[in-house]
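# Chains, contacts and geometry: an overview
Spelled out, the chains give:
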Amino acid sequence: MTADRFALQADDLREIPAFHKLPDEQIHSLASVMVRRQYTPGQIIFLEGDHAGSLWFVFQGRVKIIKQSLNGRIQGLCLMDRGKCFGSCPLFDMEKNPATAQALDQVTLFILPEDALQQLTERDPQLVRALMSIYSQRLEHLSRVSEVLGSWTVADRINDCLLTYANRSKQQTTVELTHEKLAALSGTVREVVTRHLRLLETEGIVRNESGRIIILKPAGLTPPCSCEDHS
Amino acid sequence: MMVSKELLSQNQLFATLNGRIKNALVEKAILAEYPARLDLFQQGGAPSPLYILLSGRVKLYRQSKDKCQILALPITGDCLGAESLPTGAPGPYSATTLTPIKAIVLMPDDLQELLDDHPDFQEIFLKLITDRLKQFVTLVHDLAFRDVTSRLAMVLLTRAETEGLPHHEGIIFDRLLSQQEYADLVGTAREVIYRTFKRFEDSGVIRADRLTIIIRDHDALHAIAFHESH
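About the thresholds
Residues numbered from 1 in each chain as written. Chains lettered and ligands numbered in written order. Predicted model: local features only at pLDDT ≥ 70, side-chain atom pairs only at ≥ 80, totals over all residues. Heavy atoms only, no water. Contact = heavy atoms within 4.5 Å. Salt bridge = Lys/Arg side-chain N within 4 Å of Asp/Glu carboxyl O. Polar contact = N/O pair within 3.5 Å; in protein donor to acceptor, adjacent residues only side chain to side chain. Helix = DSSP H or I, 4+ residues; strand = E, 2+ residues; numbered from the N terminus. Nonpolar A, V, L, I, M, F, W, Y, C, P; charged D, E, K, R; others polar. Domains from an automatic or database assignment. Buried area = accessible area lost by both parts, 1.4 Å probe.

## Brief notes about the interface of chain A and chain B
- Taken together, the contacts link 44 residues of chain A with 39 residues of chain B.
- Our count for the chain A to chain B interface comes out at 4 salt bridges.
- We note a salt bridge from glutamate 147 of chain A to arginine 62 of chain B, for which the minimum N-O separation is 2.6 Å.
- Linking chain A to chain B there are 6 residue pairs in polar contact (both at pLDDT 80 or more).
- Looking at the side of chain A that touches chain B, the elements with two or more residues in it are strand E5 (63-68), strand E6 (74-80) and helix H4 (125-151) of chain A.
- Looking at the side of chain A that touches chain B, the element that brings in the most residues is H4 of chain A, giving 21 residues.
- The residue makeup of the side of chain A that touches chain B, split by class, is 20 nonpolar, 13 polar and 11 charged.

In structure tokens, the structure reads:
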């Protein structure tokens, strides 16, 4: 991990959706207190149960947020990519991180430390408003994860993950996740994911390639919930 | 019906608000009563009002076609709804009353006005959102890592701790939910709930009838609840 406290530019912060509406003055005051850090693939950013001291914003790369059971089983909660924010809110009784954050790729993060967060929120209602939006979105996501885990079949959960984490381009739709990571995100084990992907391949819905999955017919993966937009 | 400052102050979250915000709140809030089995708001709809529950019970849930997952069963003093107001996104869950309820209600436009005019109130609202977030993180953990038996035990244990009353056999509380709703809360089928309840009863851990549940062996239920599956 490397830290570069002085290299954070106001223009970099404008890349973060939560800060889009903030005026120049606030952006500059944020840039003066935030810290840039880089992580290598697989590196732990923080552990579940650690003191929740900061807010973390993804500038480059992807971060996976996971929960681990006492006996080591892993459940993925989400993948955070460019512009997304994670970490607990130490200002509101979330003293401990409820999940673990791990770098999936080469990751660059902007960090808003706890003391700066405390000072800024006391004098800046616009920042509190930005936080409300961030946590409101996360609430929506977690309520959906709860529904998926509680009431969907494993096949539905894997299909939903494929659609959620797909990279869409004009040429093709791909999912760049290993079977192991897809298993963690969909709450099952690697063998079940591999078996299900083979089945999808025989039905012409996906094509399995080394390190990635190409989605040929997205409609074949439609989950039972009709109110979510995967387009 | 009007809301008084005294009534508002009985809620822990709002008790610490300064007089100016309390005045603004009582001007906008209404006191309302709703019958049992009424849909308060729907998942996917526009941001809902904020409800501060004074009495009665509500279930918060997500539904897709024939599948349902109950996310929470708020109790007196809890707030529900309006969490999607900051983004204007569709509401993340539905709410239906399980019993007649009484609540302080703040309509979305009035809530937005309060948030715009009173920065201190923003912090209260942010706390409401983060509290619900913590609840959902726990639910995700339980759904991912505990088996059905452990999850049902956890539900009964939590209800005994928050709503239970002393009884000569142990701790008693209202049954409140149908067998299907217990299944929707735990994330399983109704038949599995029937069998698990029967197992708990046969082993003397609980006694249940149509209206009430009695926890007879709290320690045994605790041991079952905190077992994480492999």
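Having seen the structure, we can now continue with the description.
## Points about the domain arrangement of chain A
Residue and element names in this part refer to chain A.
- Split into domains, chain A comes out as domain 1 (2-149) and domain 2 (154-221).
- Once you take the C-alpha centre of each, domain 1 and domain 2 turn out to be 27 Å apart.
- Of the residues lining the interface, 13 residues belong to domain 1; the matching set on domain 2 comes to 11 residues.
- Note on domain 1 versus domain 2: buried area summed over both sides is about 970 Å², and carbon and sulfur give 54% of it.
- Contact with domain 2 buries surface across domain 1, with Arg62, Leu79 and Val148 losing the most and accounting together for 35% of the total.
- Applying the counting rule to domain 1 against domain 2 returns 1 salt bridge.
- A salt bridge links arginine 144 to aspartate 160; the nearest nitrogen and oxygen atoms lie 2.4 Å apart.
- Counting the contacts that link domain 1 with domain 2 gives 3 residue pairs in polar contact (both at pLDDT 80 or more).
- Within the residue set of the side of domain 1 that touches domain 2, elements represented by two or more residues are E6 and H4.
- Among the residues making up the side of domain 1 that touches domain 2, the classes are represented as 7 nonpolar, 2 polar and 4 charged.

## A look at unusual backbone geometry
Residue and element names in this part refer to chain B.
- The phi dihedral of arginine 37 is positive, around 60°, even though this residue is not glycine.
- For arginine 37, the position within the fold is in the loop between strand E1 (30-34) and strand E2 (39-41).
- Even without being glycine, leucine 176 reaches a positive phi, approximately 65°.
- Relative to the assigned elements, leucine 176 resides in the loop between strand E10 (170-174) and helix H7 (179-186).

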